[in-house]
Amino acid sequence: QVQLVESGGGLVLAGDSLRLSCAASGRTFSRNFMGWFRQAPGKDREFVAGISSGGVNTDYADSMKGRFTISRDNAKSTVYLQMNSLKPEDTAVYYCAARTISYISRRSNDYDFWGQGTQVIVSS
């Protein structure tokens, strides 16, 4: 069992940066592939970024490439999402997710554990 707790969301202006954190409990974190997803009001949950268990391999949704960076610190059982050059369309609830199968997936159904989410609001 993995429990995930996101933090770091907030209200920012367009062009600002935020770093989201996701703290995991459980002894399997270093073996879990991790992902960040987001869900805006009235929209489906969408993939943002994913990272392999050792942090070597990453994947990003096209609209986030070059602006967002996913990373992890297995010693701290934490995964991060650095978000730069934020836009109003980045406004959403951001979720951290973990999966036990060893490849990065963009499908939310492939993830086994989810956090409660952290709200990000980008004002113009």
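Criteria and cut-off values
- Residues numbered from 1 in each chain as written.
- Predicted model: local features only at pLDDT ≥ 70, side-chain atom pairs only at ≥ 80, totals over all residues.
- Heavy atoms only, no water.
- Buried < 20%, exposed > 50% of the residue type's maximum accessible area, 1.4 Å probe, protein only.
- Helix = DSSP H or I, 4+ residues; strand = E, 2+ residues; numbered from the N terminus.
- Pairing = 2+ DSSP bridges.
- Core = buried A, V, L, I, M, F, W, Y, C linked by side-chain atoms within 4.5 Å.
- Disulfide = S-S within 2.5 Å.
- Axes fitted to C-alpha atoms, helices over the stretch in contact; angles between N-to-C directions.
- Salt bridge = Lys/Arg side-chain N within 4 Å of Asp/Glu carboxyl O.

(A) Broad picture of the pairing of strand β1 (residues 3-7). Burial along β1 is one-sided: the face carrying Leu4 and Glu6 is buried and the face carrying Gln3, Val5 and Ser7 is not. When β1 meets strand β3 (residues 18-25), the two strands line up antiparallel, connected through 5 bridges. Across the sheet, Glu6 pairs through a bridge with Cys22, a residue of β3.

(B) Quick peek at the nonpolar core. Counting 34 residues, the largest nonpolar core has Leu4, Trp36, Val79, Leu81, Met83 and Tyr94 as its most contacted members. Tallying contributions element by element places strand β9 (residues 92-99) first for this core, with 5 residues.

(C) Broad picture of the state of the cysteines. Across all of its chains, the model carries 1 disulfide by this definition. The disulfide partner of Cys22 is Cys96, and the S-S distance across this bridge is 2.1 Å. Measuring the twist about the S-S bond at about -75°, one finds the Cys22-Cys96 disulfide to be left-handed. Remark: Cys96 occurs in strand β9 and Cys22 occurs in strand β3; sequence separation between them is 74 residues. Cys96 shares its class with Cys22; the two are buried.

(D) Up close: the pairing of strand β11 (residues 118-123). Of the two faces of β11, only one is covered, namely that formed by Thr118, Val120 and Val122; the face formed by Gln119, Ile121 and Ser123 stays uncovered. Relative to β11, strand β2 (residues 10-13) runs parallel, the two sharing 4 bridges. Bridge pairing in β11 links Gly10 to Val120. Two strands pair when backbone bridges link them, and β9 and β11 are joined in this way by 3 bridges, in the antiparallel orientation. The residue bridging Tyr94 from the neighbouring strand is Thr118, located in β11.

(E) Region of interest: the sheet that holds strand β8 (residues 78-83). Judged by pairing direction, the sheet is antiparallel, and its 4 strands sit side by side in the order β1-β3-β8-β7 without closing on themselves. Looking at which strands have only one partner, the edges of the open sheet turn out to be β1 and β7 (68-73). Here the average twist between neighbouring strands, direction ignored, is 15°.

(F) Here's a closer look at the pattern of salt bridges. Counted under the stated rule, the structure contains 6 salt bridges. Residues Arg106 and Asp59 are paired through a salt bridge, measuring 2.7 Å at the closest nitrogen-oxygen approach. Taken together, the residues Arg106 in the loop between β9 and β10 (113-114) and Asp59 in strand β6 (residues 58-60) connect sequence positions 47 residues apart. For Arg67, the salt bridge goes to Asp90, with nearest N and O atoms at 2.7 Å. Of this pair, Arg67 sits in the loop between β6 and β7 while Asp90 sits in the loop between β8 and β9, and the two are 23 residues apart along the sequence. Given a relative accessible area of 0%, Asp90 falls into the buried group. Here the residues in one salt-bridge network are Arg38, Glu46, Arg67 and Asp90, joined through shared partners.

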